[in-house]
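Given next are the chains, with one letter for each unit.
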Amino acid sequence: MKIGLVTYTPEKVDGFDLHVYYSKRADGSVFPAAKEMQNDITCFCDAKAIREDPSIVAVSKNGLALRNNRKINVPFDFVCPTNPEYREKVLDYVEGLSRENVEGVTLNLYHFPEEEFCVCPRCVELWRQSGLNWTEWRAQEITGFLREARSLVKGAFAVEMFPDPVLAKERFGIDFDHIAELVDYFHVPLSSRDYLTNYWADTLARDFLKTLKKPVVVELSAEMPTDEKLDALLKTVAYLSRHKLMSVLLLVHDSANAKQVCRYAVHKGDFREWLKKCEFTEMMRIVDNWAKLY
Ligand SMILES: [Zn+2]
């Protein structure tokens, strides 16, 4: 199993095999390509673009796909995925990044906000013309967008998803089987403020490994300020290392944060003894490597 980072700063850190950088983010900020890294692009969540042109937001019978709409529960503000101008803008950005010396491109939030979206006049018209049912039409739109993006990317191509292995197609238009034909791997974020309770991370990792027909990487949040939380995080990584994951990725603010995790694993508490006692051989190999560096 590889160990990697997801980060907000375009810098690689020793001791990690895979580096994912957020180059286009949900608040609308856009950054130059991070060289020799996997660049993560937020597609249809763009708070800034919606502020500038509110007509591009996705629509439902419960109102708009905005965080401040209390009738729904969405974590970001979503642009309608069939908006041709906005789609073009995202694809232009994907194409521009791919011309740089990047490792590859990961797409994030490339789907509908929820099952009841989007019923803007354009989406309703496209759905009618398609002759498909609601679920199939929405899935076809999203897979079509990913196919177009994929054709622009030279390196590794991956997608993130909301971590729902059961209802992804109905809710978001994410059709795992068709998307598997396009991607090199799937990136499953299992974000949390802490992993003091971790059975759900283990369960979802198993479910996704069984469901997805391509390699899987799992992302855990590692912006942990306390020893107790770092300990729980590292033990969760150890349990995940027993599955057939391609990689576990740790979400950090920057390289100092990443090194803090490594130093804790190497020096603090009885973590290395615990790994040995419980025979986590794969995780021991990773921490032994960190011990040479930190
Ligand atoms: Zn729409």
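The shown structure was predicted, so the numbers you read here are calculated from the model rather than taken from an experiment. (Residues numbered from 1 in each chain as written. Predicted model: local features only at pLDDT ≥ 70, side-chain atom pairs only at ≥ 80, totals over all residues.)

S.K.: Even after reading the chapter, I still don't get the pairing of strand E9 (residues 216–221), so can you show me in this structure?
M.R.: Taken residue by residue, a regular strand's side chains alternate between the two faces of the sheet. Bridge count for strand E8 (residues 185–189) against E9 is four bridges, and the pairing is parallel. From the neighbouring strand, His187 faces E9, where its bridge partner is Val217. As a crossover connection, the stretch from E8 through helix H7 (residues 199–211) into E9 is right-handed. Here E9 runs beside strand E10 (residues 247–252); their pairing, made up of five bridges, is parallel. Bridging from a neighbouring strand, Ser221 pairs with Leu251 of E10. Handedness of the crossover joining E9 and E10 through helix H8 (residues 227–240) is recorded here as right-handed. (Pairing = 2+ DSSP bridges. Helix = DSSP H or I, 4+ residues; strand = E, 2+ residues; numbered from the N terminus. Right-handed = clockwise from strand over helix to strand, strands pointing away.)

S.K.: Could you clarify how one ought to interpret the sheet that holds E9 in this entry?
M.R.: Hydrogen bonds between backbone groups are what pair the strands of a sheet, and the pairing can be parallel or antiparallel. Read around the barrel, eight strands follow the order E1-E2-E3-E6-E7-E8-E9-E10 and close on themselves; strand pairing throughout is parallel. The average undirected angle you get between the axes of adjacent strands in this sheet is 25 degrees. (Axes fitted to C-alpha atoms, helices over the stretch in contact; angles between N-to-C directions.)

S.K.: Whenever I open this one, the packing of H7 against H8 confuses me. Can you help?
M.R.: Packed helices, taken two at a time, are described by the angle between their axes plus the distance between the axes. Two numbers describe how H7 lies on H8: the axes approach to 10 Å, and their chain directions differ by 30 degrees. Put simply, H7 runs roughly parallel to H8. As H7 packs across H8, the resulting crossing turns out to be right-handed. Contacts from Ala201, Asp202 and Ala205 of H7 reach H8 at Thr236, Tyr239 and Leu240. A class-by-class count of the residues in the contact of H7 with H8 yields four nonpolar, one polar and one charged. (Parallel < 35°, antiparallel > 145°, perpendicular 65-115°, else oblique. Left-handed = near helix turned anticlockwise from the far one by under 90°. Contact = placed C-beta atoms within 7 Å. Nonpolar A, V, L, I, M, F, W, Y, C, P; charged D, E, K, R; others polar.)

S.K.: Please clarify how the packing of helix H9 (residues 255–267) against helix H11 (residues 281–293) should be interpreted in this entry.
M.R.: Contact geometry of H9 with H11 gives a least axis separation of 9 Å together with a crossing angle of 105 degrees. Accordingly, the angle class assigned to the pair H9 and H11 is roughly perpendicular. From H9, Cys262, Ala265 and Val266 reach across to H11, where they touch Val287, Trp290 and Ala291. For the contact of H9 with H11, a count of residues per class yields six nonpolar, no polar and no charged.

S.K.: What is the right way to look at unusual backbone geometry in this model?
M.R.: Leaving glycine out, the prevailing phi sign among residues is negative, and the prevailing peptide bond configuration is trans. In this chain, Phe117 is followed by Cys118 through a cis amide linkage whose omega measures 0 degrees. Checked against the element boundaries, Cys118 lands in the loop between strand E6 (104–108) and helix H3 (121–130). The phi dihedral of Leu109 falls on the positive side, at around 55 degrees, and the residue is not glycine. Within the secondary structure layout, Leu109 lies in the loop between E6 and H3. Accessibility expressed as a C-beta count within 10 Å gives 24 for Leu109, which makes it buried. Phi angles above zero are rare outside glycine, and Glu279 is one such case at about 60 degrees. (Buried ≥ 20, exposed ≤ 12 C-beta atoms within 10 Å, placed from the backbone.)

S.K.: Would you explain the nonpolar core in this entry?
M.R.: Across soluble globular proteins, nonpolar side chains have a tendency to be buried as a group. Counting 91 residues, the largest nonpolar core has Ala58 and Leu220 as its most contacted members. Sorting elements by how many residues they give to this core places H8 first, with six residues. Once residues lying within four places of it in the same chain are set aside, the contact partners of Ala58 are Ala65, Phe78, Val79, Cys80, Phe112, Pro113, Phe117 and Cys118. (Core = buried A, V, L, I, M, F, W, Y, C linked by C-beta atoms within 7 Å.)

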